[in-house]
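Chain by chain, the residues:
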Amino acid sequence: MATQRILDFLSTRRPSGPCLVVDLDVVRDNFVAFEKALPDSKIYYAVKANPAPEILRLLAAMGSSFDTASVAEAEMAMDAGAPASRISFGNTIKKERDIARAYELGIRLFAVDCVEEVEKVARAAPGSQVFCRVLTDGEGAEWPLSRKFGCVPAMAVDVLRHARKLGLDAHGVSFHVGSQQCDLSAWDRALGDAKQVFATLAEEGIVLKMVNMGGGFPTRYLRDVPAAQAYGQAIFSALRKHFGNRIPETIIEPGRGMVGNAGVIKSEVVLISKKADNDNVRWVYLDIGKFGGLAETMDEAIRYPIVTARDADEKTPCVLAGPTCDSADVMYEKTPYPLPLSLTIGDEVLIEGTGAYTTTYSAVAFNGFEPLRSYVI
Ligand SMILES: *Cc1c(COP(=O)(O)O)cnc(C)c1O
């Protein structure tokens, strides 16, 4: 939501052009809420959600660890003050020379989901800890992560066994229940799978120590979402149910849930028009669209709250589109967005809940539009 600090910043600085403003106080509160909700889990902030140096510095100072997907992200986390011991290379798809570079930087924790990747890690980062990602069905998530990452639990057993054989530390199992996951029972299903891998390997004398429970913690967009506390309780009961008194070390990797609600995008209405005189749906074109940072509106998956100064007026359905000359640059059309009838060209609109997955998704210069500017206050 637009905090008073964000509103004050926008009214005094009056930045021209679309921009994201992130309130660090909200990030701080989110970090504390995760710590309280899951006091026994280590927090690895998923850097890709928003790698602004101010955010990384704040979280590093608060003791956060970092889930990184590339050498560049790992270096950003280190520049922000995180030691290599608090960084995981969580991408299951890595070039061998990047693994070697991460190893040189001191990183010793790597994600894998197949024996081919284990071979690379064993060569380029000998003796490191690896965790194997298992597939989840992504059921209940508004931004599911598909079958791209992870393997079935039975294969995870082979992968970790192979890791041990090659001298790596078979450390644990990871999963991601899908981003913007509002179904509290999603972690229960995934933890059941993780336990299966633990149990099978234990029979062979390979004792896993860690479960990486990934991200998925939601941000409030138009609908209410359960609080961090509710997630904490559901996850803790699932851990108890599957692991009894031998709960392993756990990690969570919140991205969206850490920064989503801390940011607001200020945008401007460039054009309002119709396709025919008798159309009752207006087309509203903003100065930001799918290529300016709102990529998660793809398939209308994420529906952001949009605030205008005229929200007390009568609203009618609008198609909402971006400013580029690409026909895919339409945010909401299948389900039109209600906007005030009095909305006028030149009006400012605030797009809330945009602290995560916006600057990182913004194109460099599509049609000459500059990448999404960001202010972290
Ligand atoms: C993107 C990602 C996350 C963060 O997911 P959110 O749903 O934004 O919390 C966590 N872990 C991994 C491995 C990821 O790729």
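For clarity, every value in this text was computed on a predicted model and none was experimentally measured.

Asker: Which parts of the structure should I look at to understand the site of the ligand?
Answerer: Residues in contact with the ligand amount to 13 residues; listed here are only the nearest, Lys-48, Ser-179, Glu-253, Arg-256 and Tyr-357. Lys-48 is positioned such that a nitrogen or oxygen atom in its side chain is 2.8 Å from an oxygen atom of the ligand. Between His-176 and the ligand, the recorded distance is 2.8 Å, taken from a side-chain N or O atom to an oxygen atom. In isolation the ligand has 380 Å² of accessible area, and contact with the protein removes 90% of it. Split into classes, the residues belonging to the shell around the ligand amount to three nonpolar, five polar and five charged.

Asker: In this structure, what is going on with helix H9 (residues 228–243)? I would like to understand it.
Answerer: Turn by turn, an α-helix covers 3.6 residues, leaving residues three or four places apart pointing in a common direction. Between its first and last C-alpha atoms H9 spans 22 Å; for 16 residues at 1.5 Å apiece the expected length is 22 Å, and the two agree. The complete set of buried residues in H9 reads Tyr-231, Gly-232, Ile-235, Ala-238, Leu-239, His-242 and Phe-243. Projected down its long axis, H9 shows its buried positions confined to an angular sector of 135°, all on one face. Every exposed residue of H9 that faces more than 90 degrees away from the buried side is listed here: Gln-233 and Lys-241. Immediately beyond the C-terminal end of H9, within one or two residues, lies Gly-244, with a positive phi of roughly 55°.

Asker: Whenever I open this one, the side chain of Asn-91 confuses me. Can you help?
Answerer: For Asn-91, the location among the structural elements is in the loop between strand S4 (87–89) and helix H5 (96–105). Classification of Asn-91 by relative accessible area gives buried; the value is 18%. Beyond its immediate stretch of four places on either side in the chain, Asn-91 contacts Thr-68, Ala-69 and Ala-111.

Asker: Would you mind showing me how to read the environment of Ile-288 here?
Answerer: Note that Ile-288 resides in the loop between strand S13 (282–286) and strand S14 (306–308). Using a relative accessible area of 1% as the deciding quantity, one classes Ile-288 as buried. Sequence-wise, Ile-288 and Leu-145 are 143 residues apart; in three dimensions their C-alpha atoms are separated by 25 Å. Filtering out sequence-adjacent residues up to four positions away, Ile-288 remains in contact with Pro-18, Ile-265, Ser-267, Gly-293, Leu-294, Ala-321, Gly-322, Pro-323, Met-331, Ile-351 and Leu-372.

Asker: Is there a simple way to explain the packing of helix H8 (residues 186–203) against H9 in this structure?
Answerer: Relative placement of two packed helices is described by the angle separating their axes and the distance separating the axes. Running from N to C, H8 and H9 point in directions that differ by 30°, and their axes come no closer than 9 Å. Taken together, the axis directions place H8 and H9 in an arrangement best described as roughly parallel. You can see that H8 and H9 cross each other, and the crossing is right-handed. Contacts from Trp-187, Asp-188, Leu-191, Gly-192, Ala-194, Lys-195 and Phe-198 in H8 reach Tyr-231, Ile-235, Ala-238, Leu-239, Lys-241, His-242 and Phe-243 in H9. Residue classes in the contact of H8 with H9 are distributed as nine nonpolar, two polar and three charged.

Asker: Help me out: how do you make sense of the pairing of strand S3 (residues 65–68) in this one?
Answerer: In regular strands, side chains alternate between the two faces of the sheet. Taking every second residue as pointing to the same face, both faces of S3 are buried, with Ser-65 and Asp-67 on one and Phe-66 and Thr-68 on the other. Sheet analysis places strand S2 (residues 41–46) next to S3, joined by three bridges and oriented parallel. If you follow Ala-46 over to S3, its bridge partner there is Asp-67. In this fold, S2 hands off to helix H3 (residues 53–61), which returns the chain to S3; that crossover is right-handed. Examined bridge by bridge, S3 and S4 share three bridges and lie parallel to one another. Bridging across to S4, Phe-66 finds its partner in Ile-87.

Asker: Hey, could you run me through the domain arrangement of the protein in this one?
Answerer: When the parts of a complex come together, some accessible area is lost, and that lost area is often taken as the interface size. What the domain assignment lists for the protein is domain 1 (24–259) and domain 2 (261–376). Between the C-alpha centres of domain 1 and domain 2 the distance comes to 33 Å. Each partner contributes to the interface: domain 1 provides 21 residues, whereas domain 2 provides 20 residues. For the pairing of domain 1 and domain 2, the buried interface totals around 1,800 Å² over both sides, and the portion due to carbon and sulfur atoms is 60%. The largest contributions to the domain 1 side of the interface with domain 2 come from Trp-143, Tyr-221 and Leu-222, which together make up 35% of the buried area. Seen at the junction of domain 1 and domain 2, the total is one salt bridge. In this structure, Arg-256 engages Glu-296 in a salt bridge whose closest nitrogen and oxygen atoms are separated by 2.8 Å.

Rules used throughout
- Residues numbered from 1 in each chain as written.
- Predicted model: local features only at pLDDT ≥ 70, side-chain atom pairs only at ≥ 80, totals over all residues.
- Heavy atoms only, no water.
- Near = heavy atom within 4 Å.
- Polar contact = N/O pair within 3.5 Å; in protein donor to acceptor, adjacent residues only side chain to side chain.
- Areas by Shrake-Rupley, 256 points an atom, 1.4 Å probe, with all protein chains shown as cover.
- Nonpolar A, V, L, I, M, F, W, Y, C, P; charged D, E, K, R; others polar.
- Helix = DSSP H or I, 4+ residues; strand = E, 2+ residues; numbered from the N terminus.
- Expected span 1.5 Å × (residues − 1).
- Buried < 20%, exposed > 50% of the residue type's maximum accessible area, 1.4 Å probe, protein only.
- Arc of directions from axis to C-beta.
- Contact = heavy atoms within 4.5 Å.
- Axes fitted to C-alpha atoms, helices over the stretch in contact; angles between N-to-C directions.
- Parallel < 35°, antiparallel > 145°, perpendicular 65-115°, else oblique.
- Left-handed = near helix turned anticlockwise from the far one by under 90°.
- Pairing = 2+ DSSP bridges.
- Right-handed = clockwise from strand over helix to strand, strands pointing away.
- Domains from an automatic or database assignment.
- Buried area = accessible area lost by both parts, 1.4 Å probe.
- Salt bridge = Lys/Arg side-chain N within 4 Å of Asp/Glu carboxyl O.

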